[in-house]
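Working through the structure, step by step
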Amino acid sequence: MEDCNGEDIIATPELPLEIIVYIQSFLHASDRKDASLVCRSWYYASQDFHFQKNLTFSFPASASSLELIKGLGRKSRCSLIIKQLDGFSMSRSLLQEVGLCLGSKLESLALPGSSITEASLLSLLPRLTSLRRLDLRGLDSLFMSGAFLSREEHRHQVRSALSGLEELDLSDLRYLSDLTFNRLTSCTPGLRRLSLAGCHIAFEFDPYQGCPAGAVKDSSALLSLRNLKRLVTEQRWTLVALDLSRTSITPDSLRTVAQVPDLVLEELRLHGCKELTDYSMEVLVKHQPSLQRLDISACTELTSRSVDAVAQGLKALTQLSLSRDWRITEKGLAELLSVSSLRSLDLSECLHVSGTEIVKGLTGCTTARAQLDTLSLKSCTYIRDFAVFSLTQLLGNTLRELDLTLCVNVTDLSVRAIATYLQGLVVLRLGLCKEITDWGLLGMVEATKCEPDQETADKGPRFTRTFGNMGFFQPPRLPFEEKPKLVTQNDLQQFKQQAGASLLALNRLQELDLSACPKLTDSSITQVLRYPDLRRLSLSMLPEITDASLASVAWHCRNLTSLALSHCPGISDRGVAQAAPYLHRLQHLYLSGCSNITDRSLFLLLQHCDRLQTLDISRCKNISPTTVDLLQSRLPFLENVHHKFIETRSCYRKK
């Protein structure tokens, strides 16, 4: 082969498809999507079966979604989340298309924020012969009449299709009754996971009959404990996960469910069940010792006695949430951390936890202590640098997610410890840690300052100029009045030459929250935030950062899908202009309260960020409603636009 100049051209051989598939296996899904646009062979490689597992497509109900569904018919399997369905013809046509094109391929279906008719769903369900998960949360329109699945022929058709259903979500249904619950669950004989979170369930017992209220016949108004127990008993051989969060379940009711013979639960969620007591936890762990995941967060009557019961009775526990259990103290945490199977612990808003007992529990034998990969200490205001320093050393090999949000006593020392010992972190949240400064992020020690009063030999009491003769002492300087020493160019030069661990060492980070750390400035943000895999970043409420930080973040973190810059007065159109060309993958952007953002920024987003799904421009008073309407009409995936109090001269407000 010769080119136009007569020179020989060596044809480059094409790589085998298997090699391209192997190369793409190292890419993130968004990177693989971009790689598929290179050429036909790379596209075919991106469609390999190994990349098509657990794919979920989420989209609103619209006319354009019909073509998308037809295109999905070429895939071997998929899952759908269809939002905002209603009873009109377009929604009916959409569901009909799902049944025709994806009937035997659909594994999971969720319909959040929808209001569909019984007829629409009943025409779809018999076609979904491969469905494994069905999410009907909040679909009150289906259950309001009480006639759902009332006809035997409908139940027979649905039972034939849903016999393999493993997961059913009926959360937040106000009109779920015994009748409709029995009809629906009779069509799903092999359930493994059931969610009834937020449902109105009659757990109270009738004191005169000694049995659950409504025991004589099924209720057409409420779901009763008797019917819940009946389902659990019938499906005890398959059921492993149950969610009763935000219900009024009582200790006696929980005991009734836990004592079902041959029931072996692996997961139980009881978030916000405020009637539960320590005694109910002791009964639970006695009858369900195989629990691996337990959520008892916001159960405000529980104390450290429940922690003791869990530590002693659940030796296979891997995940535990005690969030917002305000009466829990340090007692029992040391024994809990000796459960070797424990991987995830949530102690957020446990106000009496200081970390001392956690450290004590982790200092034992390596084989007899928890190997945590997720730890949340959010709003544990007694957590101090000593505890963080010890935890980072003890969990350095395993911890992947750490939440220290609102730990107000955490300082730069903790940040340096995190950067030194937790270099495998994927998620780090330090929001509202107001003592963190540029020095901590840079991994440097702030030079000590010599106060003017320290230079004099007189260490006696100081008097104010106004009241010196009256004997009034000058009040002590408050912490929030002290400003940190600013980082200079010489300091930055030293940072570039040093070998110490700065936050830059956390090169695996995918999520970082530094919101409301007011002492941070461009000096650290521009030097440290250079994470190629970062997906979610929050820099909200940082009054000292400017467009330089935004431009640097966009250049070095090009995989960002979520960026929060709310209430950063130094961010303007100039920063958006510099950043937008590098943020092609951005899906969620928060600019609330950025008063220097104008219509120009929206036009830039329209040009460069066509994947936006969420945009918050509330209180951006220089943005016009007309431009917001244009943005919504041009960006195909934009679903949520928050624009309260924009352009104060207009009374426009989106319904």
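What counts, and at which threshold
- Residues numbered from 1 in each chain as written.
- Predicted model: local features only at pLDDT ≥ 70, side-chain atom pairs only at ≥ 80, totals over all residues.
- Heavy atoms only, no water.
- Core = buried A, V, L, I, M, F, W, Y, C linked by side-chain atoms within 4.5 Å.
- Buried < 20%, exposed > 50% of the residue type's maximum accessible area, 1.4 Å probe, protein only.
- Contact = heavy atoms within 4.5 Å.
- Helix = DSSP H or I, 4+ residues; strand = E, 2+ residues; numbered from the N terminus.
- Pairing = 2+ DSSP bridges.
- Right-handed = clockwise from strand over helix to strand, strands pointing away.
- Axes fitted to C-alpha atoms, helices over the stretch in contact; angles between N-to-C directions.
- Parallel < 35°, antiparallel > 145°, perpendicular 65-115°, else oblique.
- Nonpolar A, V, L, I, M, F, W, Y, C, P; charged D, E, K, R; others polar.
- Phe/Tyr/Trp six-rings, centres within 6.5 Å; stacked < 30°, edge-to-face > 60°.
- UniProt positions renumbered as here; feature names shortened; annotations may be inferred.

A short note on the nonpolar core
Counting residues in each nonpolar core, the largest one holds 168 residues, and the members touching the most others are L196 and L336. Look past the residues within four positions of L336 in its chain and what remains in contact with it is V307, V310, A311, L320, L322, L342 and L345.

Section: the pairing of strand β3 (residues 106-110)
The buried count for β3 comes to four of five residues, which makes it a mostly enclosed element. In this sheet, β3 lies alongside strand β2 (residues 78-83) in parallel orientation, the contact comprising four bridges. Residue pairing in the sheet places S79 in a bridge with S108 of β3. Each parallel crossover has a hand, and for β2 linked through helix α5 (residues 89-102) to β3 it is right-handed. The pairing of β3 with strand β4 (residues 133-135) spans three bridges and is parallel. Pairing of L109 across the sheet is with L134, part of β4. Viewed along the sheet, the connection from β3 through helix α6 (residues 118-124) into β4 turns out right-handed.

So, the packing of helix α12 (residues 278-287) against helix α13 (residues 304-313)
Viewed as axis vectors pointing N to C, α12 and α13 meet at an angle of 5 degrees, and their least axial separation amounts to 9 Å. Considering their axes alone, α12 and α13 lie roughly parallel with respect to each other. From α12, D278, Y279, M281, E282 and V285 reach across to α13, where they touch R305, S306, A309, V310 and G313. Considered class by class, the residues forming the contact of α12 with α13 number five nonpolar, two polar and three charged.

What about the packing of aromatic side chains?
In this description, an aromatic ring pair is defined by two values, namely the gap between the centres and the angle between the planes. Overall, the coordinates contain five aromatic pairs when judged by the stated rule. Taking 5.9 Å as the distance between ring centres and 85 degrees as the angle between the ring planes, the aromatic pair formed by F389 and Y421 counts as edge-to-face. Of this pair, F389 sits in helix α16 (residues 385-394) while Y421 is found in helix α17 (residues 412-421), placing the two residues 32 residues apart along the sequence. Ring geometry for W555 against Y582: centres 5.1 Å apart, planes inclined by 90 degrees, an arrangement best described as edge-to-face. Of the two residues, W555 is situated in helix α21 (residues 547-556) and Y582 in the loop between α22 (573-579) and β22 (588-590); the sequence distance between them amounts to 27 residues. Residue W555 is classed as partly exposed on the basis of its relative accessible area of 44%. Note on Y582: relative accessible area 29%, which makes it partly exposed.

Focus: the UniProt feature "domain: F-box" (unreviewed entry) in the protein chain
Residues annotated in UniProt with the feature "domain: F-box" (unreviewed entry) correspond here to residues 14-53. Counted over residues 14-53, helix gives 55% and strand 0%. Its end C-alpha atoms are 27 Å apart.

Let's talk about the environment of Q52
Here Q52 shows up in the loop between α3 (40-46) and β1 (56-60). When neighbours within four sequence positions are excluded, Q52 is seen to be in contact with S46, Q47, K75 and R77.

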